[in-house]
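These are the residues of each chain, in order.
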Number of protein chains: 2
Amino acid sequence: MAGPEWESLEQCLEKHLQPADLREVKRVLYGKETRKLDLPSRAFEFASERDFELQGYAFEAAEEQLRRPRTVRVGLVQNRTPLPADAPVAKQSLVPMLVPPWATTIGGLFILVPAMPFAFCTREKLPWTEFAESAEDGPTTRFCQKLAKKHDMVVVSPILERDGEHGDVLWNTAVVISNSGAVLGKTRKNHIPRVGDFNESTYYMEGNLGHPVFQTQFGRIAVNICYGRHHPLNWLMYSINGAEIIFNPSATIGALSESMWPVEARNAAIANHCFTCAINRVGKEHFPNEFTSGDGKKAHHDFGYFYGSSYVAAPDSSRTPGLSRNREGLLVAELNLNLCRQINDIWNFKMTGRYEMYARELAEAVKPNYSPNIVKE
Amino acid sequence: MAGPEWESLEQCLEKHLQPADLREVKRVLYGKETRKLDLPSRAFEFASERDFELQGYAFEAAEEQLRRPRTVRVGLVQNRTPLPADAPVAKQSLVPMLVPPWATTIGGLFILVPAMPFAFCTREKLPWTEFAESAEDGPTTRFCQKLAKKHDMVVVSPILERDGEHGDVLWNTAVVISNSGAVLGKTRKNHIPRVGDFNESTYYMEGNLGHPVFQTQFGRIAVNICYGRHHPLNWLMYSINGAEIIFNPSATIGALSESMWPVEARNAAIANHCFTCAINRVGKEHFPNEFTSGDGKKAHHDFGYFYGSSYVAAPDSSRTPGLSRNREGLLVAELNLNLCRQINDIWNFKMTGRYEMYARELAEAVKPNYSPNIVKE
């Protein structure tokens, strides 16, 4: 298996296929073509100076008589943790400071990936639990509030939350900050993995905030955190609550999930008539103490490489190409949110969804004495 | 947009990519490689004589100490309606007779695609409602019973059902026939489309049989009929009831759904730790009377082309290549059903699924006075 040196599916296809074939391959794989976005040349200059990839695409919708186009921009940050995992905690916490200049290239919604290394593979408590902070007024939130106000942007900021009001427990949380600079609210990771080295259940429990949707100036948004993308019901409830864009900030590695990555957030956009934004980090994180991975192999210091490939998927089953598998990047997407309702009215998955039947069937299925509907000869 | 003359994504990639790149592209797109199956040369000779495509792949699982491999074979038939839509109804109903010789190449489970043209685009009642027949003892069921017994196969047979016991109503039904030749039971289409020319709601209503799973000698199977593939909850309930293989017999066309096709059944296999079999027909069906398509365009006689591309997806996110977009074909897949529980134990989506929360949230959400969880500034 190739490591992170293989840049991306898209690069490979663009390089080797003739235009006519490339068009068909992309149509089958990515649906209706997304328009390339005109971003200012200074944005590309900045990207080149700082050695990150910058891509922009626009999703369009049909004209309507009674509604104007509802065009918003989202910026997805695909980063690597810039300091080694054994750097002092306080220094690593400041890493989001590196992000603001990128922000000037967009406007609208902006999603950060946390600066914390993905240390849950170690199962060590200190120093990693020191990254935990208050969602309401921790340093990352305060930093993002300034950022949001300065650039007139909504910021989504995933953090490790320490809940001082409730026994000092930890949560995996995303804080949503309005473009006014106010903390609009927070949402917590609903599904916690027990797979591979994702030992998160050692640190925090399933979220207790349900499926909140945030009404922002740039549309109604929700955050389906990381492993929650494997659960179609999680996407569905955000959508039922009205989300037009669902962000999926993730940290996931090549050996485990790469062939699921293009499928899940994309399926969610289709099934729920909304936009989804799948964001992964890049790079490899090295930890000071060795750990094992429950796979019979020798102890080691690496978690594996994050394969990037961040993308945006639309309700009409189109999607952007992915960012690369190995470089930091910013993916800017212009979304006409009118597309959500237009596709809803074409495909009618909510209308034909029969949620009453499923509420009833699920309520039965969770009973300890449930007897599955199995037909035998 | 290319029509059906562009054979397939896989053919194009195989032709133009070098082996090293092809391997990576397939890994990202299709996961772990599936082994090619050794099928007897007489099967290929027969396929060549009858001008259909024959492909075979095997999905493997880890060895276990307490369970033997549970290896079964499924055969997916990708066909075109061999007679013109205006041929006499009685003649068209006999079309499944063309299928049996193919069956000898497999063993295990076998899925037919109905011989009836997809006439729901016309909204005409006669002659199309004459295709409707009893699930228990209609001619197609009787034919399939002989087929099943003769070849020691379970047969899944999608039909247009006439329900004589309940006011002569019609249903979109799949009949499951045991390898003993007995009718094991039936399952009905749970979600009915109102999209494009899929005017099925003119003919039949949402199924009333819930989510039955059939215990066969070759594993526990379920049938998610056609448009039901867009509904993640439909797949989920079959899986909760214990399905190890879920068939999705479909009839869907290029302009509408081709970029959704590789995503949905695949996502369902991943999300539910089961195998899914996505089956589409090929060809173009021409109807005697012109009809319009609710898109402002002129009346016409064609429904559009069915793009084939049938495939099998596995719980580990691997999948077979698709059959072609334009030829009839038989896709044989050997499945080690032990893989379902193995992947379940690795990824734990059922354990982490929180269905109790969703049962509660959905029950609330369907109430007429439901107030969505929206956070405002």
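For the structure itself, consult the block above.
I will try to describe carefully the structure that is included in this document. (Residues numbered from 1 in each chain as written. Chains lettered and ligands numbered in written order. Predicted model: local features only at pLDDT ≥ 70, side-chain atom pairs only at ≥ 80, totals over all residues. Heavy atoms only, no water.)

## With respect to the overall build of chain A
Looking only at helices and strands, chain A features eleven helices and 16 strands. Counting only residues that meet the buried cut, chain A has 64% of its 377 residues in that class. In chain A, 70% of the contacts between residues at least 6 apart in sequence involve partners at least 24 apart. Accessible surface, chain A as shown: approximately 14,700 Å² in total, 51% of it carbon and sulfur. Averaging the positions of the 42 positive and the 44 negative side-chain charges in chain A gives two centres separated by 2 Å. (Helix = DSSP H or I, 4+ residues; strand = E, 2+ residues; numbered from the N terminus. Buried < 20%, exposed > 50% of the residue type's maximum accessible area, 1.4 Å probe, protein only. Contact = heavy atoms within 4.5 Å. Areas by Shrake-Rupley, 256 points an atom, 1.4 Å probe, with all protein chains shown as cover. Lys, Arg positive; Asp, Glu negative; His and termini not counted. Charge placed at Lys NZ, Arg CZ, Asp CG, Glu CD.)

## Details of the packing of helix α7 (residues 232-240) of chain A against helix α11 (residues 355-365) of chain B
For the pair α7(A) and α11(B), interaxial distance at closest approach is 11 Å and the crossing angle is 25 degrees. In terms of axis orientation, α7(A) runs roughly parallel to α11(B). Like other packed secondary-structure pairs, α7(A) and α11(B) cross with a definite hand, here left-handed. Contacts from A:L233, A:N234, A:L236, A:M237 and A:I240 of α7(A) reach α11(B) at B:Y355, B:Y358, B:E361, B:L362 and B:A365. A breakdown of the residues in the contact of α7(A) with α11(B) according to their chemical character gives eight nonpolar, one polar and one charged. (Axes fitted to C-alpha atoms, helices over the stretch in contact; angles between N-to-C directions. Parallel < 35°, antiparallel > 145°, perpendicular 65-115°, else oblique. Left-handed = near helix turned anticlockwise from the far one by under 90°. Nonpolar A, V, L, I, M, F, W, Y, C, P; charged D, E, K, R; others polar.)

## Let's talk about the interface of chain B and chain A
Facing the 86 residues of chain B at the interface are 85 residues of chain A. Of the roughly 7,700 Å² buried at the junction of chain B and chain A (both faces included), carbon and sulfur atoms supply 66%. Remark: the boundary between chain B and chain A carries two salt bridges. The salt bridge partner of A:R27 is B:E258, with a shortest N-O separation of 3.1 Å. For the pair chain B and chain A, the interface holds 44 residue pairs in polar contact (both at pLDDT 80 or more). By residue number, the principal contributor to the side of chain B that touches chain A is α11(B), which donates nine residues. Considering only residue class, the side of chain B that touches chain A consists of 48 nonpolar, 23 polar and 15 charged. (Buried area = accessible area lost by both parts, 1.4 Å probe. Salt bridge = Lys/Arg side-chain N within 4 Å of Asp/Glu carboxyl O. Polar contact = N/O pair within 3.5 Å; in protein donor to acceptor, adjacent residues only side chain to side chain.)

## Notes on the pattern of salt bridges
Charged atoms that come close allow side chains of opposite charge to pair. Following the criterion strictly, the structure yields 44 salt bridges over all chains and no others. Here A:E364 and A:K367 are joined by a salt bridge, their closest N and O atoms 2.9 Å apart. Judged by its relative accessible area of 38%, A:E364 falls in the partly exposed class. Taking relative accessible area as the criterion, A:K367 reaches 39% and is therefore assigned partly exposed. Close ionic contact of B:E60 with B:R35 constitutes a salt bridge, the shortest N to O distance being 2.4 Å. Of the two residues, B:E60 sits in the loop between β2 (53-59) and β3 (71-78) while B:R35 sits in strand β1 (residues 35-36), which places them 25 residues apart along the sequence. For B:R35, a relative accessible area of 39% gives the class partly exposed. Here the salt bridges share partners, and the residues they tie into one network are A:E136, A:E161, A:D163, A:K186 and A:R188.

## A word on the relation of the copies chain B and chain A
Rotating chain B by 180 degrees and translating it 0.0 Å along the rotation axis places it on chain A, where the RMSD comes to 0.0 Å. With respect to symmetry, the two chain copies, as superposed, fit the operation of a two-fold axis. Minimal C-alpha separation from the rotation axis in chain B is found for B:A359, amounting to 2.3 Å. With an isologous cut-off of 70% or more, the 99% of interface residues of chain B that recur at the interface of chain A puts this contact in the isologous class. (Least-squares fit on C-alpha atoms with pLDDT ≥ 70 in both.)

## Let's talk about the sheet that holds strand β14 (residues 311-313) of chain A
With mixed pairing, the six strands of this open sheet are ordered in space as β14(A)-β11(A)-β10(A)-β9(A)-β8(A)-β16(B). Both outer strands of the open sheet, β14 of chain A together with β16 (374-375) of chain B, are each paired with one neighbouring strand and no more. In this sheet, strand β10 (residues 245-249) of chain A lies alongside strand β9 (residues 219-223) of chain A in parallel orientation, the contact comprising three bridges. Each bridged residue has a counterpart across the sheet, and for A:A222 the counterpart in β10(A) is A:I246. Here α7(A) sits on the sheet in contact with β8 (213-216), β9, β10 and β11 (275-279) of chain A, set at roughly 145 degrees to β10(A). (Pairing = 2+ DSSP bridges.)

## A look at the packing of aromatic side chains
One pass over the full model with this rule turns up 32 aromatic pairs over all chains. A centroid spacing of 6.2 Å and a plane angle of 90 degrees characterise the contact between A:W261 and A:Y311, whose relative ring orientation is edge-to-face. Within this pair, whereas A:W261 is found in helix α9 (residues 261-272), its partner A:Y311 is found in strand β14, the two being separated by 50 residues in sequence. Between B:W128 and B:F131, the ring centres sit 6.4 Å apart and the planes meet at 15 degrees, which makes this aromatic pair stacked. Taking the relative accessible area as the measure of exposure, B:W128 reaches 2% and is therefore buried. On the basis of relative accessibility, which here comes to 7%, the residue B:F131 falls in the buried class. Clustering of aromatic rings is evident, with ring pairs tying together A:F118, A:F120, A:F198, A:Y203, A:Y204, A:F303 and A:F306. (Phe/Tyr/Trp six-rings, centres within 6.5 Å; stacked < 30°, edge-to-face > 60°.)

## A short note on the environment of B:A182
By secondary structure assignment, the location of B:A182 is in the loop between β6 (169-177) and β7 (183-188). Taking the C-alpha atoms as reference points, B:A182 and B:F131, 51 residues apart in sequence, are found 22 Å from one another. Those residues in contact with B:A182 that sit more than four places away from it in its chain are A:E377, B:Q145, B:V176 and B:I177.

## Things to note about the packing of helix α1 (residues 9-16) of chain B against helix α2 (residues 19-30) of chain B
All names here are of chain B. Look at α1 against α2: their axes get within 10 Å of each other, and the N-to-C directions meet at 155 degrees. Comparing their axes, α2 and α1 come out roughly antiparallel. From α1, L9, E10, L13 and E14 reach across to α2, where they touch L22, V25, K26, L29 and Y30. Class assignment of the residues belonging to the contact of α1 with α2 gives a composition of six nonpolar, no polar and three charged.

## Details of the side chain of B:D21
Turning to its location among the elements, B:D21 is positioned in helix α2. Within the buried core, B:D21 has no salt-bridge partner, and the shortest N-O distance to an opposite charge, that of A:K15, equals 6.2 Å. Those residues in contact with B:D21 that sit more than four places away from it in its chain are A:W6, A:C12 and A:H16.

## Notes on helix α10 (residues 338-347) of chain B
Within the span of α10(B), buried status applies to B:N338, B:L339, B:C340, B:Q342, B:I343 and B:W347. Downstream of α10(B) by one or two residues, B:N348 has phi in the positive range, about 60 degrees.

## Digging into the sheet that holds strand β11 (residues 275-279) of chain B
Read from one edge of the open sheet, six strands run β16(A)-β8(B)-β9(B)-β10(B)-β11(B)-β14(B), paired in mixed fashion. Two strands in the sheet have a free side with no partner beyond their single neighbour: β16 (374-375) of chain A together with β14 (311-313) of chain B. Both strand β10 (residues 245-249) of chain B and β11(B) contribute to a ladder of five bridges, which runs parallel. Its bridge partner lying in β11(B), B:F247 is registered against B:C277. The strands touched by helix α7 (residues 232-240) of chain B within the sheet are β8 (213-216), β9 (219-223), β10 and β11 of chain B, with β10(B) carrying the most contacts at an inclination of about 145 degrees.

## Things to note about the environment of B:G207
Residue placement: B:G207 occurs in the loop between β7 and β8. Taking the C-alpha atoms as reference, B:G207 lies 8.6 Å from B:I192; in sequence the two are 15 residues apart. In contact with B:G207, not counting residues within four places along its chain, are A:R354, B:W171, B:R188, B:K189 and B:N190.

## Comments concerning the nonpolar core
Judged by nonpolar contacts, the single largest core of 125 residues is most densely connected at A:I245, A:F247, A:L335, B:I245, B:F247 and B:L335. Apart from the residues within four sequence positions on either side, B:I245 is in contact with B:V72, B:V74, B:L109, B:F218, B:R220, B:I221, B:A222, B:F275, B:C277, B:L335 and B:L337. (Core = buried A, V, L, I, M, F, W, Y, C linked by side-chain atoms within 4.5 Å.)

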